[in-house]
2 protein chains.
Amino acid sequence: MRFNSETSSDGVREQLFALDEIPGALWTPVGVTGTRPLILMGHGGGQHKKAPGVAVRARRFVAECGFAVVAVDVPGHGDRPKDEEYDRIATENRARVEAGEEPAPLIADFQALVARRTVPEWRAVLDAVQRLEHVGAGPVGYWGVSLGCGLGVPFVAAEPRVRAAVLGLGGVLASAEAAARITVPVEFLLQWDDERVPRAQGLALFDLLASTEKTLHANPGKHAEIPSFELDSTLRFFARHLG
Amino acid sequence: MRFNSETSSDGVREQLFALDEIPGALWTPVGVTGTRPLILMGHGGGQHKKAPGVAVRARRFVAECGFAVVAVDVPGHGDRPKDEEYDRIATENRARVEAGEEPAPLIADFQALVARRTVPEWRAVLDAVQRLEHVGAGPVGYWGVSLGCGLGVPFVAAEPRVRAAVLGLGGVLASAEAAARITVPVEFLLQWDDERVPRAQGLALFDLLASTEKTLHANPGKHAEIPSFELDSTLRFFARHLG
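Note that this is a predicted model, so its numbers are computed, not measured.

(A) A look at the pairing of strand β5 (residues 68-72) of chain B. Residues and elements named next belong to chain B. Counting buried positions over the five residues of β5 gives five, a clear majority of the element. The alternating pattern of β5 places Ala68, Val70 and Val72 on one face and Val69 and Ala71 on the opposite face, and all of these are buried. The sheet contact formed by strand β3 (residues 22-29) and β5 spans four bridges and is antiparallel. Opposite tryptophan 27, over in β5, you have valine 69 as the bridge partner. Relative to β5, strand β4 (residues 38-42) runs parallel, the two being bridged by four bridges. Bridge assignment links methionine 41 to a residue of β5, and that residue is alanine 71. The parallel pair β4 and β5, bridged by helix α1 (residues 52-65), forms a crossover whose chirality is right-handed.

If you want it as structure tokens, here you go:
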């Protein structure tokens, strides 16, 4: 694990790092040592480890809860090299959707393919980050919607360190088998008028989660229009389960 | 409006009253005067104005938010006389359900019948309570699930003083027309394994609400098993919209 840069603002320290070929960002409270809860955040499709939706949430988790937050670029995203196989599939998928195919099954297949790489990568990231003296081996949470849900469901199912997860904007096609193995508390965000994930598929994914405690939060609006008050709810959810 | 008794505990003043033939309970902070937000709470079927689910929530709204809360007995409930027509319908409905009929349409018809009485009654209660110097004419919220949703949807649709509502455990059959006239923010509670309200009917009622801001909170469990953390969310919802 190599640290490449470090900045601080508003009590939040941001370190950029690389773990092998994986570029990442780590946010922690300024000037602390010792074990604390750690949130791994998965970014959306076409985004990256420091996309605004990731960074804004990460800074609030740190500033308001004292957590550590880590995010890494998904293969083919951010500072990672282009992936020829992914590019080819994405191009094909766009053509198939323009020709009238339903996007949801195509997205699902693509996410399942990428998850086979990201699950072991993210487990290695947890290993490395939890060895740092300002993070430590505390309870872990996962936050990810859209692509971050498609990749997050198999990750949360596979990784026993994860004690609570916020997921959403994802459908059942990508991850039915893994969803049925998730037993930790989940807050699941669904956009009622999602133009990318059919409502019934989002509801079916929530239904499949084996968690005793799971709450669906559904709001009007399109895929990218999660209302800002849901971030307040997310903070309380993680504080309740990890704090 | 006649006040019959008054007690105080833990900073909460409880006054029992009657408005014409309607028995009610009013909870306010001890020792205050002046205008404050007012929550009207509708109780569930077979319950009454001081049922535990009502009183526990009322005391938290008062103690934690400084609100006033009022609840009254629905006709045929609590301290009100038996209503022969309602009793006859309830007895008939039980027999029809035992004979294999779906309960949801029967419950819906019954709630629509009762709502024709409770909507004007509750509006009169607001008029009277808002004239008290320790309540005043502040913003109004409504909380009611199950029967309190069946009666609450037409009330919230009819009463412009209501600025935000928590509803739930209700289906679309009782109140589709009124639901489509609701435009205030709504937090809607749905139990995923509700044995009394089919899931699709609860989702359809949420769908019909015309509110720009509405959030569905769905949790696993049966009709009466709303998890306790939803009360925390309800408090924050009302504080955000009425506080």
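(B) Main features of empty space enclosed by the protein. As enumerated under the stated definition, the model contains four cavities of 30 Å³ or more in all. By volume, the largest cavity amounts to about 170 Å³. For the largest cavity, the lining is made up of 21 residues, of which Ile107, Gln111, Gly170, Gly171 and Val197 of chain B are closest to its centre. Considering every element that reaches the lining of the largest cavity, the biggest residue donor is helix α3 (residues 103-129) of chain B, with four residues. When grouped by side-chain class, the residues that make up the lining of the largest cavity number twelve nonpolar, eight polar and one charged. Quantified by volume, the second largest cavity comes out at close to 140 Å³. Residue lining of the second largest cavity: 16 residues in total, with Ile107, Gln111, Gly170, Gly171 and Val197 of chain A positioned closest to the centre. No other element matches helix α3 (residues 103-130) of chain A, which puts four residues into the lining of the second largest cavity. Residues that form the lining of the second largest cavity fall into these classes: nine nonpolar, six polar and one charged.

(C) Broad picture of the UniProt feature "domain: AB hydrolase-1" (unreviewed entry) in chain A. Per the UniProt record, "domain: AB hydrolase-1" (unreviewed entry) is found at residues 38-200 of chain A. With 45% helix and 18% strand, residues 38-200 of chain A has end C-alpha atoms that lie 32 Å from one another.

(D) Here's a closer look at the environment of valine 153 of chain A. Mapped onto the elements, valine 153 of chain A comes out in helix α5 (residues 152-158). Between the alpha carbons of valine 153 of chain A and valine 12 of chain A there is a distance of 28 Å; along the sequence they are 141 residues apart.

(E) Structural detail: the relation of the copies chain A and chain B. Of the two same-sequence chains, chain A is brought onto chain B (RMSD 0.0 Å, axial shift 0.0 Å) by a rotation of 180°. One copy is carried onto the other by what is essentially a two-fold rotation axis. Among all C-alpha atoms of chain A, that of histidine 217 of chain A lies closest to the rotation axis, at 2.5 Å. Most of the interface of chain A is mirrored in chain B: 100% of its interface residues are interface residues there too.

(F) Quick peek at the interface of chain A and chain B. Each side of the interface is counted separately: chain A has 18 residues, and chain B has 18 residues. Interface of chain A and chain B: buried area, both sides summed, is about 1600 Å²; carbon and sulfur atoms make up 61% of it. Our count for the chain A to chain B interface comes out at two salt bridges. One salt bridge connects arginine 199 of chain A with aspartate 207 of chain B, and the closest N-O pair in it is separated by 3.6 Å. Between chain A and chain B we count seven residue pairs in polar contact (both at pLDDT 80 or more) in total.

Parameters and conventions
- Residues numbered from 1 in each chain as written.
- Chains lettered and ligands numbered in written order.
- Predicted model: local features only at pLDDT ≥ 70, side-chain atom pairs only at ≥ 80, totals over all residues.
- Heavy atoms only, no water.
- Buried < 20%, exposed > 50% of the residue type's maximum accessible area, 1.4 Å probe, protein only.
- Helix = DSSP H or I, 4+ residues; strand = E, 2+ residues; numbered from the N terminus.
- Pairing = 2+ DSSP bridges.
- Right-handed = clockwise from strand over helix to strand, strands pointing away.
- 1 Å grid on protein atoms, 1.4 Å probe; cavity = no way out; pocket = protein on both sides within 12 Å on 5 of 7 lines; lining within 4 Å.
- Points joined across faces, edges and corners; volume = space filled by probe spheres on them.
- Nonpolar A, V, L, I, M, F, W, Y, C, P; charged D, E, K, R; others polar.
- UniProt positions renumbered as here; feature names shortened; annotations may be inferred.
- Least-squares fit on C-alpha atoms with pLDDT ≥ 70 in both.
- Contact = heavy atoms within 4.5 Å.
- Buried area = accessible area lost by both parts, 1.4 Å probe.
- Salt bridge = Lys/Arg side-chain N within 4 Å of Asp/Glu carboxyl O.
- Polar contact = N/O pair within 3.5 Å; in protein donor to acceptor, adjacent residues only side chain to side chain.

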